[in-house]
Amino acid sequence: MKLLLNAKSKMDYLYESAKRFVVDDKSKVVLMSDLHRGDGGRADTFIKNQLIYSAALTRYDKDGYTYIELGDGDELWKNRKAADIIAAHKDVFWRLGRMHRQGRLVMLYGNHDITKRRALYIYKNFSYYYDPLTKKHTALFGDLPVYESAVLEYDDYNIMLIHGHQVDFWNNEAWGLTRFMVRNVWRPLEAFGITDPTSAAVNYHKKISTEKKLQTWVQNNEAMLIAGHTHRPIYPAAGQTRYFNCGSGVHPRCVTALEIRGGGIRLVKWSVKTRPDGAMFVGRDVLAGPTRIEDYFKQSNG
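Summarised in this report is the structure supplied together with it.

Rules and cut-offs
Residues numbered from 1 in each chain as written. Predicted model: local features only at pLDDT ≥ 70, side-chain atom pairs only at ≥ 80, totals over all residues. Heavy atoms only, no water. Pairing = 2+ DSSP bridges. Helix = DSSP H or I, 4+ residues; strand = E, 2+ residues; numbered from the N terminus. Axes fitted to C-alpha atoms, helices over the stretch in contact; angles between N-to-C directions. Core = buried A, V, L, I, M, F, W, Y, C linked by side-chain atoms within 4.5 Å. Buried < 20%, exposed > 50% of the residue type's maximum accessible area, 1.4 Å probe, protein only. Arc of directions from axis to C-beta. Contact = heavy atoms within 4.5 Å. Phe/Tyr/Trp six-rings, centres within 6.5 Å; stacked < 30°, edge-to-face > 60°. Lys NZ or Arg CZ within 6 Å of the ring centre and 35° of its normal.

### Considering the sheet that holds strand S1 (residues 19-23)
Backbone hydrogen bonds hold the strands of a sheet together, and the pairing may be parallel or antiparallel.
And then number 1: Pairing within the open sheet is mixed, and its 5 strands lie in the order S1-S8-S9-S10-S11. Single-partner strands in this sheet number two, and they are S1 and strand S11 (243-245). Neighbour-to-neighbour, the strand axes of the sheet open up by a mean angle of 25°, direction not taken into account.
And then number 2: In the sheet, S1 pairs with strand S8 (residues 149-154) via 5 bridges, with the strands oriented parallel. Across the sheet, Val22 pairs through a bridge with Glu153, a residue of S8.

Given below as structure tokens:
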């Protein structure tokens, strides 16, 4: 009960202090979380889906979407240098930088990239990157604010955005100790197939505990909640608890996302597909929805 009350106070604070953005039926928004972009080495869990993610991001960019990343975009627990991550995934950062300059990029931080909460860290590590082709430093997003929480205001309805680690003690209050263990113990053991037991993404009981705390907050508040952290996509039906999770970019063979467009929300999956002639391509499947946002508020919040 004490942990639940603590979680409630955290969530209330995040909701009240959130950066607010107005969206309407003309808005096109895509939300992704938990890409865990790494340095391209053996511990880089993003690299197996890099091409899928890049294809999806390119399509969203060309279609004029605003891209919102809900934390853990970069793996800054296993990797000490952001420059190594940028160098390994230059095409991705070029695209994100372009979207930022056009005012179509919103970033939140999670536990694995919590150092992004400091503006000075962003300035020192993400202002520019070195392009070996042009042999020049190219502007990235040094002036980009990175938020802990945000709210999308759609008509009279509020959609709260967070990473989700805030109700997870080992990944919030004790994040420094947990990062030390991940960087110095669990990363080397990954080569032997041993996973990090503190991670909500792989620990089933932690996953369920985190989701229950977030769902409880939603049930007691007149808001919708979209989070990441657990890596498990969640899309409730209208009338159920308004808790969504956009999943992650490190699923086996696919990347999941939530899209908001035309006043509706849908859960989608991007993956490699094969045409009848054997040619391969990256395609998008709608897993759930679309459902009108207003329908979640007009029906009972279970």
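From this point, the discussion proceeds with the structure in view.
### As for the nonpolar core
And then number 1: One finds Met32, Tyr53, Tyr60, Tyr67, Leu96, Phe126 and Phe141 to be the most contacted residues of the largest nonpolar core, which totals 35 residues.
And then number 2: Going through the elements one at a time, strand S2 (28-32), helix H2 (50-62), helix H3 (82-88), helix H4 (90-101), strand S4 (105-108), helix H5 (119-126), strand S12 (254-261) and strand S13 (264-274) are the ones with two or more residues in this core.
And then number 3: Looking at this core, the element that brings in the most residues is H2, giving 5 residues.
And then number 4: One finds Val29, Val106, Leu258 and Ile293 within the second-largest nonpolar core, a separate group that totals 27 residues.

### Quick word on H5
And then number 1: Regarding H5, the residues found buried are Tyr121, Ile122 and Phe126. Looking straight down H5, one finds its buried side chains confined to an arc of 100°; they lie on one side. Facing away from the buried side of H5, by more than 90 degrees, are the exposed residues Ala119, Tyr123 and Lys124.
And then number 2: Packed against the buried residues of H5 are H3, H4, strand S5 (128-131) and strand S7 (146-147).

### Quick word on the packing of aromatic side chains
When we look at a pair of aromatic rings, we describe it by the centre distance and by the angle of the planes.
And then number 1: Per the counting criterion, the structure on display carries 14 aromatic pairs.
And then number 2: Arranged with centres 5.9 Å apart and planes meeting at 15°, the rings of Phe126 and Phe141 form a pair that is stacked. With Phe126 in helix H5 and Phe141 in the loop between strand S6 (136-139) and S7, this pair connects stretches of sequence that are 15 residues apart. Each member of the pair, Phe126 as well as Phe141, carries the same accessibility label: buried.
And then number 3: With a centroid separation of 5.2 Å and 75° between ring planes, the pair formed by Phe244 and Tyr296 is classed as edge-to-face. Linking Phe244 in strand S11 with Tyr296 in helix H8 (residues 293-298), this pair joins segments that are 52 residues apart in sequence.
And then number 4: Judged by its relative accessible area of 0%, Phe244 is buried.
And then number 5: Here the guanidinium or amino end of Lys19 rests over the ring plane of Phe21, the centre of that ring lying 5.9 Å away.
And then number 6: The ring of Phe281 has Arg275 sitting right over it, with the charged end atom 4.3 Å from the ring centre.

### A few points about the pairing of S12
A regular strand carries its side chains on alternate faces of the sheet.
And then number 1: Of all the 8 residues making up S12, 7 are buried; the element is thus mostly covered by neighbouring parts of the structure.
And then number 2: Of the strand pairs in this sheet, S2 and S12 are connected by 4 bridges, and their pairing is antiparallel. Across the sheet, the residue bridging to Val30 is Glu259, located in S12.
And then number 3: Once S12 ends, the chain turns through 2 residues before running back antiparallel as S13, passing Gly262 with a positive phi of about 60°.

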